[in-house]
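# Observations on the model geometry
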Amino acid sequence: MITRTGLRLAALAVGVAAVSLTAVAADYAASSPAPATREPVAVRLNGTQYRQIIADVFGPTIEIGGRFEPGLRKDGLLAVGSGLVTVTTTGLGEYDKMARSIAAQVTTEPQRSALIPCTPKDAKKADAACAKEFLGEVGKLLYRRPLSREELKAQIDVAGESAATNKDFYAGLGTSLWTMLISPEFLFRQEFAEADPANKGAYRLDSYSRAARLSFFLWNAAPDPELLAAAEKGELNKPEGLQRQVDRMVASPRLEGGVRAYFTDMLGYDKFEGLAKDVVIFPKFNFKVAAEAEEQTLRTIADHLVTQRADYRALFTTPKTFISPMLASIYSVPVDPDGGWQPFEFPKGDPRTGILAHISFTALHSHPGRSSPTLRGKALRELLLCQKVPDPPGNVDFTLIEDAENPKFKTARERLKAHASEAMCAGCHKIMDPIGLALEHFDSSGGYRTSEHGASIDTTGELDGQKFADAADLGRVVSNHPAAPSCLVTRMYSYGVGRAVERSEREMVAELQKSFAAEGYRVPDLMRHIALSDQFYRVAKPSADKPVDDKLKSKTEASAQPATSVAARE
Amino acid sequence: MIYMRPMHRRSVLRGMMGGAAISVGLPILDCFLNTNGTAFAATGQALPVRFGTWFWGCGLNPGRWEPDKVGADYDIKPEMAPVAGFKNKLNVYSGLKTFLDGKAVGVHFSGVMACTTGTVPNGMMPSKASIDSLVADVIGTRSRFRSIEVACAGIPSHSQSRRSATAMNPAEVSPAKLYTRIFGPEFTDPNAAVFKPDPAVMVRKSALSVVSEKRQDLMKKIGAADRQRLDEYFTSVRELEQQLALQLEKPAPIESCSVPGAVADSAVGNEIAMVRENNRLFSTLLAHAVACDQTRVVNVAFADATSSLRHKGGTQSHHEHTHEEPIDVKLGYQPELAVFNTEIMEGFNEFLTAMDGIKEGDSTLLDRSIIFASTDHGYAKLHGLENMPLFTAGSGGGRMKTGIHVAAKGQPVTRVGLTAQQAMGVPVSSWGTESNETSRTITEVMA
């Protein structure tokens, strides 16, 4: 026992990932399912989740100014990096501003009657009972669990002090709400573990942590009151109770929010923030086009996967999409100029089939002034096939890949020949450039062209042994590539649990891949399988869970006042 | 879907938190450090020292920036021409290199890490706090902002300032927002005739303890890896508390402090003209923020490593030029690239000009600062990590000699960082790891 703890702590000092395979695997080898080897973690909310929670709790009219701290991409996902980042001083400064603004809006005259469930006896004074009602309810939604008696009392006290100073009950509520909105319990989704009674020595997420993991995975939102109620009753620990909630959530229209959030992460759409094209070369492209290009693909994905419940692989071949008038000008297709977003189907034979031919892909993976077969090939490999392309070596002379203005080389294919002829470059570039060249009919802004500098563009090539003629054909090859669906399964599981898939889980992920194929590559079904699996909620024994802490905990609980003065009156 | 909806009104309970009063303990702020500098004329208090970083990507053209002459009164090479006016306040360090110790080169990354954190990590994730954070720990704890980061090309994550491996200090990208953050409603003018503490700030400061007091309990419940992260969060909370405390304290008058006019946002993007305009706006704001003692540490990211700067109408970025532009046989260098490099150094000149433009007694803000300027590569064309250009400007109130060219071929880049840290009073005797570790300061510039 002592040895094990020693090992675990030593491993932790090296890094979280290292903990896993050495110390814990040996311990739990006998138990089934496979042991998860990471302890519970604090996951920082991202901007989308923050906005979603505020909209869910207080309504969509609440405005949220401010900027969120940049995420950290790890193992291909920001969702994994969310378990590694913290809140910097600048970041807290932004949260502070947002929280003050939200608190002010919630407690203003028109909003308060809708959002505050009681009225104080005297609006110029503190009112602990009404504060308790509001703060208890809001607190539960923001912290994703009920507040402890002590926590609630502290929040009521804050409201009371502020109300007394300001001579305003609502100002008091606002101050207290502000502190909750900048609290670690809100900004971080802190997971907690409990011993698993069914598997001796194994640990699983506790009820509320399960609810949160489930909800952020399926809806990209905090648990709703119904899910919280199920967690409170312990239903999520029982197969039928869990299934009831998962089925409800998968059937809900809110699943679309979860699917969008997943693909936003997987496809690296955080890069849209800085996407700009040269205004002289691509006058039609601006930040609004970029935003709509992102939305186009997300709409297509949501409709295809959730509404139509269609085969994931067909995303790479479908001619169906949605187009806005602004995008239509780049796609050069006719749409109703006043019609907003419209369903659109590219005619048969059009090269624009599948999401690889969308502006979102071709423009995002290009340079500001010209296309980049290398960047596009790399993105396809890394984002959609989960293959890692090595970084370029140091001390390489790139002059061979002459500049675009050089009249000798008219097309990208000619310029990139050097990649293939230089041994040092060829190893990696041959796995990127040829597939990227298939998309050369689309310029850096996503516009269609058949020639570059007067020379006609050759889009033929092959991907892992499968030949293609052009972009549409590349889509077909990708949709038949076995790595496409298996990559999705691995990434999606990793996204849900917030860490890379561990060695001990490979078999289980392979099973998920099999069922994904057997059931027609339907993503909502895949999400349901993941959410229902035991492994999804499994965690390593938390390092905080040491005997000394247990004693401290029970001591704290024992010495805590059984009831606050407010509650006593109740 | 709104979860909070009007509910049946329960019977309102009697009893209130009667008589709750707020008592705010105002700390006696020892705003000023034990420097050797001169003092505020008005109060006799010592003037603080300041630190800044200025980052650009893709280095400079080898042979076109390093002076021939070593030591004082060095000669100015073409790409240094824009900062020639600061020759007497600027140190040039040539020949320094980043050691990889057998690790794969992280292109446009390893060199940044060596210069700013002293360590080349394995892989593409930073592993240490950056130099400005280490300096801010010493000189930045008593000002309203511990440090201020800006990025001139519109992307907050261009910031090279890191409090720890995973905590990047995100940069402000909007001059208008930065203006509001510094000189908006929460700014207390040190020279205002009347000082009246804002009761709302008092309330917030008192209420904030409900957050900071969670620390102890939470730390007991969470895993080892999370403890450090949450500790960083609570450090941020403490700094917010400190900011609020400062807002309640009457500041000492500062002769050199003046509030600049409000700033409107200018176009944002990676076109170098836009970047330079934002650099200029930010530089003015930062200089005023420093003069008014709102912060003592500023960090400017002129561009990203892998410099994505470009010219309007150009198909290639600065970065692409470094690799793909042929060397002009007659000139012996990449001419288009030289244009970019010159414009970048003009940006540096604008930053130095803003800092030097504010007088503090008989010297300037720049004189009382040390500005540390670094990049990602020596010869970006080859992703070279040798002969990396590094500069320091200002003497930090006489703590460093200036106007010197130091040639230190084959020495680790960390020597400059160590020297700057020691000059700023950081108690550090050696800095960096593996072959980039050094305990040798650059004695030629130590005062």
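In short, a report on the structure. (Residues numbered from 1 in each chain as written. Chains lettered and ligands numbered in written order. Predicted model: local features only at pLDDT ≥ 70, side-chain atom pairs only at ≥ 80, totals over all residues. Heavy atoms only, no water.)

Below, the discussion takes up the overall build of chain A. Scanning chain A from terminus to terminus reveals 27 helices and 11 strands. Across the 570 residues that make up chain A, the buried fraction comes to 57%. Nonlocal contacts in chain A, meaning residues at least 24 apart in sequence, comprise 68% of its contacts between residues at least 6 apart. Split by element, the accessible area of chain A, about 22,600 Å² in all, is 56% carbon and sulfur. (Helix = DSSP H or I, 4+ residues; strand = E, 2+ residues; numbered from the N terminus. Buried < 20%, exposed > 50% of the residue type's maximum accessible area, 1.4 Å probe, protein only. Contact = heavy atoms within 4.5 Å. Areas by Shrake-Rupley, 256 points an atom, 1.4 Å probe, with all protein chains shown as cover.)

All right, on to empty space enclosed by the protein then. For the coordinates displayed, the defined rule picks out 9 cavities of 30 Å³ or more. The volume enclosed by the largest cavity comes to roughly 110 Å³. Taken together, 17 residues line the largest cavity, and the ones lying closest to its centre are T53, F55, Q160, S161 and N299 of chain B. If you list the elements that add at least two residues to the lining of the largest cavity, you get strand 1 (50-55), helix 2 (131-139), strand 4 (148-151), strand 7 (297-301) and strand 10 (369-374) of chain B. Class assignment of the residues belonging to the lining of the largest cavity gives a composition of 8 nonpolar, 7 polar and 2 charged. If you trace the second largest cavity, you find it lined by R67, F68, E69, T90, G91 and E94 of chain A together with P156, P170, A171, E172 and R181 of chain B. Partitioning the lining of the second largest cavity into residue classes produces 4 nonpolar, 2 polar and 5 charged. (1 Å grid on protein atoms, 1.4 Å probe; cavity = no way out; pocket = protein on both sides within 12 Å on 5 of 7 lines; lining within 4 Å. Points joined across faces, edges and corners; volume = space filled by probe spheres on them. Nonpolar A, V, L, I, M, F, W, Y, C, P; charged D, E, K, R; others polar.)

Another aspect to go through is helix 25 (residues 523-532) of chain A. All names here are of chain A. Among the 10 residues in helix 25, 7 count as buried, and that is most of the element. By the burial criterion, the buried members of helix 25 are V523, P524, D525, L526, M527, I530 and A531. Residues of helix 25 that are buried in the fold lie against helix 11 (207-219), helix 13 (239-251), helix 14 (255-266), helix 15 (287-307), helix 23 (483-497) and helix 24 (506-518).

Further remarks concern the state of the cysteines. Applying the stated criterion across every chain, the model contains 3 disulfides over all chains. C118 of chain A shares a disulfide with C130 of chain A; S-S distance 2.0 Å. The sign of the 100 degrees torsion about the S-S bond sets the C118 of chain A-C130 of chain A disulfide as right-handed. Taken as a pair, C118 of chain A in the loop between helix 6 (109-115) and helix 7 (128-143) and C130 of chain A in helix 7 lie far apart in primary sequence, 12 residues in all. For the residue pair C118 of chain A and C130 of chain A, the accessibility class agrees, reading buried in each case. Between the sulfur atoms of C257 of chain B and its disulfide mate C292 of chain B the distance is 2.0 Å. In this structure the cystine formed by C257 of chain B and C292 of chain B twists about its S-S bond by roughly 90 degrees; its chirality is therefore right-handed. One end of the pair, C257 of chain B, is in the loop between helix 6 (224-247) and helix 7 (272-291); the other, C292 of chain B, is in the loop between helix 7 and strand 7, with 35 residues separating them in the sequence. Neither residue differs from the other here; C257 of chain B and C292 of chain B are each classed as buried. Sequence-ordered numbering of the disulfide-bonded cysteines in chain A gives the connectivity 1-2, 3-4. (Disulfide = S-S within 2.5 Å.)

Moving on, we get to the packing of aromatic side chains. Within the structure shown, the criterion is met by 28 aromatic pairs over all chains. Ring plane angle 25 degrees and centroid distance 5.9 Å describe the contact between Y50 of chain A and Y95 of chain A, whose orientation is recorded as stacked. One end of the pair, Y50 of chain A, is in helix 3 (residues 47-58); the other, Y95 of chain A, is in helix 5 (residues 89-106), and 45 residues separate them in sequence. Considered together, Y50 of chain A and Y95 of chain A belong to a single accessibility category, that of buried residues. The ring centre of Y333 of chain B lies 3.7 Å from the NZ or CZ of R64 of chain B, which sits over that ring. (Phe/Tyr/Trp six-rings, centres within 6.5 Å; stacked < 30°, edge-to-face > 60°. Lys NZ or Arg CZ within 6 Å of the ring centre and 35° of its normal.)

Strand pairing in a sheet relies on backbone hydrogen bonds. The paired strands run either parallel or antiparallel. Residue and element names in this part refer to chain B. The strand order across the open sheet built from 8 strands is 2-12-3-11-10-1-7-4, with neighbouring strands paired in mixed fashion. Two strands in the sheet have a free side with no partner beyond their single neighbour: strand 2 (71-72) and strand 4. Inspection of the sheet shows strand 3 (residues 90-94) paired to strand 12 (residues 404-407) by 3 bridges, in the parallel sense. Among the inter-strand pairings, S94 is bridged to a residue of strand 12, identified as A407. Taken strand by strand, helix 10 (residues 414-423) contacts strand 1, strand 3, strand 10 and strand 11 (390-393), and its axis lies near 165 degrees from that of strand 10. (Pairing = 2+ DSSP bridges. Axes fitted to C-alpha atoms, helices over the stretch in contact; angles between N-to-C directions.)

On the chain A side, the residues contacting the 82 residues of chain B number 109 residues. Buried surface at the junction of chain B and chain A, summed over both partners, amounts to about 8,100 Å²; 61% is from carbon and sulfur atoms. On the surface where chain B and chain A come into contact, there are 7 salt bridges. One salt bridge connects R310 of chain B with D278 of chain A, and the closest N-O pair in it is separated by 2.7 Å. (Buried area = accessible area lost by both parts, 1.4 Å probe. Salt bridge = Lys/Arg side-chain N within 4 Å of Asp/Glu carboxyl O.)

Take the environment of S283 of chain B next. All names here are of chain B. Take S283: it is sitting in helix 7. Exposure remark for S283: the relative accessible area of 1% places this residue in the buried category. The spatial distance from the C-alpha of S283 to the C-alpha of M355 is 7.5 Å, given a sequence separation of 72 residues. The contacts of S283, once residues within four sequence positions are left out, are E350, F351 and A354.

This part takes up the packing of helix 3 (residues 175-183) of chain B against helix 7 of chain B. Residue and element names in this part refer to chain B. Between helix 3 and helix 7, whose axes approach to 10 Å, the crossing angle comes to 5 degrees. Comparing the axis directions of helix 3 and helix 7 gives the class roughly parallel. Facing P175, L178, Y179, I182 and F183 of helix 3, the residues of helix 7 in contact are N278, L281, F282, L285, L286, H288 and A289. Here the residues of the contact of helix 3 with helix 7 sort into 10 nonpolar, 2 polar and no charged. (Parallel < 35°, antiparallel > 145°, perpendicular 65-115°, else oblique.)

A word on the pairing of strand 10 of chain B. Residues and elements named next belong to chain B. Where burial is concerned, most of strand 10 is hidden: 6 out of the 6 residues are buried. Along strand 10, one buried face is formed by S369, I371 and A373 and the opposite face, lined by I370, F372 and S374, is buried too. In terms of strand pairing, strand 1 meets strand 10 through 6 bridges, oriented parallel. What sits directly across from R50, in strand 10, is S369.

Moving on to helix 22 (residues 471-480) of chain A. All names here are of chain A. Of all the 10 residues making up helix 22, 7 are buried; the element is thus mostly covered by neighbouring parts of the structure. If you check which residues of helix 22 are buried, you get A471, D473, L474, G475, V477, V478 and S479. Where helix 22 is buried, its residues contact helix 18 (373-384), helix 21 (423-437), strand 9 (461-463), strand 10 (466-468) and helix 23.

Nothing here speaks to function; it is all geometry.
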